[in-house]
Amino acid sequence: MSDIIRLLPDHVANQIAAGEVVQRPASVVKELLENAIDARASQVKLIVKDAGKTLIQVIDDGIGMSDTDARLCFERHATSKINTADDLFRINTKGFRGEALASIAAVAQVELKSRTENSETGTSIKIEGSNVLSQEVTVTPKGTSILVKNLFFNIPARRNFLKSNQVEIRHIIDEFQRVALAHPEIAFTFLNNGSEVFQLPGSNLRQRIVNLFGAKTNEKLVPVSEETPVVTISGFIQKPEFAKKSRNEQFFFANNRFIKSGYLHHAVMNAFEGLLKEGMQPGYFIYLELNPATIDVNIHPTKTEIKFEDEHTIYALLRSAVKHSLGQFNITPVLDFERDNNLETPYAYKDKTPVFPQIEVDKDFNPFKENNFSKASRKPFKKEVTASWEGLYAGLKDEKIKTTAPDFIWEIEVESEEVSGEIDFSESEIVENREVFQLHNKYLVVPHKEGLMLINQNLAHQRILYEEILKNITVTRGSSQQLLLPLELDFNPDEIMILSEVKEQLEYSGFGFLEFGKEKITIEGIPVFMETFDIKAMLQQLIIAIRSEVPDSAFSQNDVLAKSLSETGAVKNGTSMAKEQQQYLVRKLFVCKDPAVSPQGKKIFSIISLNEIEYKFSN
Ligand code: ADP
Ligand code: MG
C-alpha cells in the first residue's frame, strides 16, 4: 500500500485551529482586546457592526508592530510572548499561543494597520482566508488597528450557525466587561452600530465597576483584601441585601485574567451563608494574584478555566477573606427592605415554578366537617388583591386604588384607563351555573359534567395572561393602566440594552415608558393584567429569562417575554380571591387556546370523575 499520510496545508490547519479559537464574534473581540492589552495600550477602542458579524475593529495605542512582525503575526505559532517552553510557567501576558491572528485571518477578511513609536511610517496588510492580498507602507497613528470583516465568509456552515444579533452582542458585551474589569487603568470605548455602549475612562477598580454596572453599584460594594504568601486577594463583593437572582455580576480574575471557577464560587457562597435568601446570588469582583508558576492557564484553549496548584488553600483563604469583609463592614442578616425592591419577590424564580411552602393541601379535607371548614378559611397569608383584578373588569374609570399588602413593595396609585372589552363566555365543559369554590387559596373547584374539576389558580392565570400578552404583542395592543406617579427604575447599562430589545413588545403588552435612558427607565403605565406591582422584580425576571433562554427569532423572543410576564404577573398560589375573581378566572381559562397546560408545560387542571367519586363510596 502506498503512503497515505500528508501534512495539512497551512490554510487548512489554520481553519481547523480557528474552529477552536474562533467560535463566534465575541471570541474575536476577546483575542483582539487581549492583544491590545499585551501591547501595553492605554486606550482601546472596540467598534462592532451587526453584532460583529460584518465588522469588528479594535484600535489601540500600544507598541505597534514592525513591518516584518506585521506580516509574521498572521502565521501560526507566531508569537512575541514566549520563547521557550519554560516561559509557559512565567506567563504574564494574555496570549502566548500565537494562534489567534492566524485563526482569525483564516476565517475572515482582515485589515491590519500598525506603527511602532520609532518608525515614521506604518504597515497596512490585507489578508483573507489566510491569503495575503496586499502589504503596503501607510500613514497611521502609533499603535495597531485590526479590522475583521465578514467572519466565516468562507465557511457558510459556521456563519449560519451564528445566533441572532441580540445573542451575539450579548456575548461580546460579556467579553468586553471581563477585559475592562481586568484592566481598570486602561481606557475603553465600545461602539455598536455607531452608538456608544460604553465609554470607560482609565480609573481605579471601584470606578470601573460603577462605569460598567451603573452609578447605583457604588453603595453596594464592600472591599475584600487579604495578603498571604500563596495568594493576594483583592476586589469587591456586593452587600448581601443587593443579591440578585442572576449570576451576571460575578467575576473572578487570576493574575488579571478572567477565569471561571465553580470551586471558588462555592467558597464565596459559603462565606455568604445565612445572609442570602434562597436562590439569590451575591455580586462579586474578586482578583487573585498568584505566582504564575503555581497556576496552569494552558489547560483550555480559550483559557477561562485554569488550574491552581493549591486549590484547597485558595478556597479557604478566599472564604475567610470574604467572611472577614462581611463581618468588618457590619453586614448582618437583616434585610433592609427600604433599599432594594428586588428582594421581596414573593416566590422563588429559581426553577421558574412558584413554590409556596406555606400552603399544604389537606388530602383528608372534608368540607362538610365544621372544624375543617374554619381551618380552610383561615388564610395562611391573606393579601388584599384589588387593583389589577378590578382592572380586569370592564367599566372602571379613574378609580384610584392603593395596594396595601406587605408584599406589594410599591405603593402605587393606579388609575385604570380604557379596559379591554367584554369577556367571552362561549364554550366550556363546565356546568352552566359555574359554581366555583376556592380550596386552600390554591385550587378552584368547579362542578364538571363528568365529575369535579380542580384548577390550579396560579397556572390558570399564567395561561390566560400568556395568551393575552402574545395576542397583545402580535395582534392587538394591550390596555394600560396609568400610574399616578411615574416610576423611576435603575438598571445596569447591559440590562437596559436587553430591555430595549423588547421595548416595543413591552409597549404592546401595556407598558408605557416616559424615558428610556442609559441607566434608568421611567414607567408611566403598566399592563392592566398586572397582579404584582413590583415592576422592577418583574423586569429583572424578564431580563434573566431573555438572557438564559437565548432567543433566536422574534417569535421565540415574544414567547420568552410572554412566559416571563405571565409568570410574574399571575395571581399567586396562597392568594385568596373574591367569588367574581374565581369565576372570571375559570371563564377566561376555558376560552384559551390551550387551557390544559401552563406556558411552562404544567398541568393546569385535573378532573375527578364521577366514577372515581362513586368508587370512594363503594365499600
Ligand atoms: P499571541 O497573542 O498568542 O502571541 P496572536 O496571534 O494573538 O498570538 O498575536 C501574534 C503576535 O502578534 C503577538 O505575539 C504580538 O507580537 C503581535 N500582535 C498582535 N496584536 C498586536 C497588537 N494589537 N499590537 C502589537 N502587537 C500585536
Ligand atoms: Mg493574542
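Our structure's up above, just so we're on the same page.
Read on for an overview of the structure. (Residues numbered from 1 in each chain as written. Chains lettered and ligands numbered in written order. Predicted model: local features only at pLDDT ≥ 70, side-chain atom pairs only at ≥ 80, totals over all residues. Heavy atoms only, no water.)

### What about the overall build of the protein?
The number of helices and strands found in the protein is 18 helices and 24 strands. Buried residues in the protein amount to 53% of all 619 residues. When contacts within the protein are restricted to residue pairs at least 6 apart in sequence, those whose partners lie at least 24 apart make up 69%. For the protein, the accessible area works out to roughly 28,800 Å², and carbon and sulfur atoms hold 50% of it. (Helix = DSSP H or I, 4+ residues; strand = E, 2+ residues; numbered from the N terminus. Buried < 20%, exposed > 50% of the residue type's maximum accessible area, 1.4 Å probe, protein only. Contact = heavy atoms within 4.5 Å. Areas by Shrake-Rupley, 256 points an atom, 1.4 Å probe, with all protein chains shown as cover.)

### Quick notes on the site of ligand 1
Not every one of the 18 residues close to ligand 1 is listed here, only the nearest: N35, T79, S80, K81 and G98. At a separation of 3.3 Å, an oxygen atom of ligand 1 approaches a polar backbone atom of A100. Computed on the free molecule, ligand 1 has an accessible area of 530 Å², of which 92% lies beneath the protein chains in the complex. A breakdown of the residues in the shell around ligand 1 according to their chemical character gives seven nonpolar, seven polar and four charged. (Near = heavy atom within 4 Å. Polar contact = N/O pair within 3.5 Å; in protein donor to acceptor, adjacent residues only side chain to side chain. Nonpolar A, V, L, I, M, F, W, Y, C, P; charged D, E, K, R; others polar.)

### Overview of the packing of aromatic side chains
Applying the stated criterion across every chain, the model contains 16 aromatic pairs. Taken together, a centroid distance of 6.3 Å and an interplanar angle of 10° make the contact between F251 and F253 stacked. One exposure class covers both F251 and F253, and it is buried. Linked through ring pairs, F213, F251, F253, F258, F285 and Y287 together constitute an aromatic cluster. Sitting above the plane of the Y508 ring, R477 keeps its charged end 4.6 Å from the centroid. The side chain of K536 reaches across the aromatic face of F491, ending 4.8 Å from its centre. (Phe/Tyr/Trp six-rings, centres within 6.5 Å; stacked < 30°, edge-to-face > 60°. Lys NZ or Arg CZ within 6 Å of the ring centre and 35° of its normal.)

### Some remarks on unusual backbone geometry
Phi is positive for A51, which is not a glycine, with a value near 55°. By the element assignment, A51 lies in the loop between β1 (43-49) and β2 (55-60). In this structure, N255 is a non-glycine residue whose phi angle is positive, near 45°. You can see N255 is positioned in the loop between β11 (250-254) and β12 (257-259).

### Some words on the sheet that holds β1
With mixed pairing, the eight strands of this open sheet are ordered in space as β5-β4-β3-β6-β2-β1-β7-β8. The two strands at the open ends of the sheet, each matched to only one other strand, are β5 (131-138) and β8 (195-200). Put simply, the sheet's adjacent strands are angled 10° from each other on average, direction ignored. On the sheet, helix α6 (residues 165-182) packs against β1, β7 (187-192) and β8 and is oriented at approximately 175° with respect to β7. (Pairing = 2+ DSSP bridges. Axes fitted to C-alpha atoms, helices over the stretch in contact; angles between N-to-C directions.)

### Re the sheet that holds strand β19 (residues 443-448)
With respect to topology, four strands assemble into an open sheet ordered β18-β19-β20-β24, the strand pairing being antiparallel. Each edge of the open sheet is held by one strand with a lone partner, namely β18 (437-439) and β24 (605-609). With direction set aside, neighbouring strand axes in the sheet form an average angle of 30°. In terms of strand pairing, β19 meets strand β20 (residues 451-456) through six bridges, oriented antiparallel. When the sheet's bridge partners are listed, V446 is paired in β20 with M453.

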